[in-house]
Amino acid sequence: MRVLLNIKCDDYIDFGDYKEALFTSKHIMEVIPELSENKIYVLGGDVYKIVDGKITSTGDGWYIDDAPQKKDVCYKKTVAFLKQYEKNNKEDFLFSIVLCDENKNRVELNDIK
């Protein structure tokens, strides 16, 4: 089953056959309550930055093994990763997030530019 979520992304990276939605850390933290209300869980994500006007992967990311069994854990780990990453790196970053529902079905965003 494919689940679509209506959250507007801040930017995206086009891989040709699909687009990856990207968010600021602030935006992700703002939508976590909405995700929680809809029983949508963060499984992890990747980190991107803009270099010479192009979005590039940093190769960094995070993954949460126990989502959605422990939904509070997945949100806490996500927020902790985002805060620590930005504290350690004094640049602006964009983050992709991997989402699933309570049955571990992947959740996709249906509002990518």
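Residues numbered from 1 in each chain as written. Predicted model: local features only at pLDDT ≥ 70, side-chain atom pairs only at ≥ 80, totals over all residues. Heavy atoms only, no water.

Draft legend 1. Fine view of the pattern of salt bridges. Going through the model one piece at a time under the given rule, you end up with 1 salt bridge. Between Glu30 and Lys26 there is a salt bridge, with its nearest N and O atoms 4.0 Å apart. Here Lys26 and Glu30 lie together in helix H1 (residues 25-37), a separation of 4 residues that amounts to about one turn. Given a relative accessible area of 59%, Lys26 falls into the exposed group. (Salt bridge = Lys/Arg side-chain N within 4 Å of Asp/Glu carboxyl O. Helix = DSSP H or I, 4+ residues; strand = E, 2+ residues; numbered from the N terminus. Buried < 20%, exposed > 50% of the residue type's maximum accessible area, 1.4 Å probe, protein only.)

Draft legend 2. Examining the pairing of strand E2 (residues 11-14) more closely. Bridging between E2 and strand E3 (residues 19-22) involves 4 bridges; their strand directions are antiparallel. Bridged to Asp11 within E3 is Leu22. Between E2 and E3, which pair antiparallel in sequence order, lie 4 residues; one of them, Gly16, sits at a positive phi of approximately 90°. (Pairing = 2+ DSSP bridges.)

Draft legend 3. Spotlight on the packing of aromatic side chains. Under the defined criterion, the tally for this structure stands at 6 aromatic pairs. An aromatic cluster is present here, built from Trp62, Phe81, Tyr85, Phe93 and Phe95 joined pairwise through their rings. (Phe/Tyr/Trp six-rings, centres within 6.5 Å; stacked < 30°, edge-to-face > 60°.)

Draft legend 4. Quick peek at the nonpolar core. Phe23, Leu35, Trp62 and Phe95 are the most contacted members of the largest nonpolar core, which has 27 residues in total. Taken together, the elements giving at least two residues each to this core come down to H1, strand E4 (40-51), helix H2 (71-88), strand E6 (94-101) and strand E7 (106-109). (Core = buried A, V, L, I, M, F, W, Y, C linked by side-chain atoms within 4.5 Å.)

Draft legend 5. View of the environment of Leu22. Residue position: Leu22 is located in strand E3. For Leu22, a relative accessible area of 0% corresponds to the buried category. For the pair Leu22 and Ser96, spaced 74 residues apart in sequence, the C-alpha to C-alpha distance is 4.7 Å. The residues contacting Leu22, other than those within four sequence positions of it, are Cys9, Asp10, Asp11, Tyr12, Ile13, Tyr48, Ile55, Leu94, Phe95 and Ser96. (Contact = heavy atoms within 4.5 Å.)

Draft legend 6. Region of interest: the environment of Lys54. Locating Lys54 in the fold gives a position in strand E5 (residues 54-63). Sequence separation of Lys54 and Ile13 is 41 residues, and the distance between their C-alpha atoms is 9.1 Å.

Bear in mind that shape data such as this cannot, by itself, settle questions of function.
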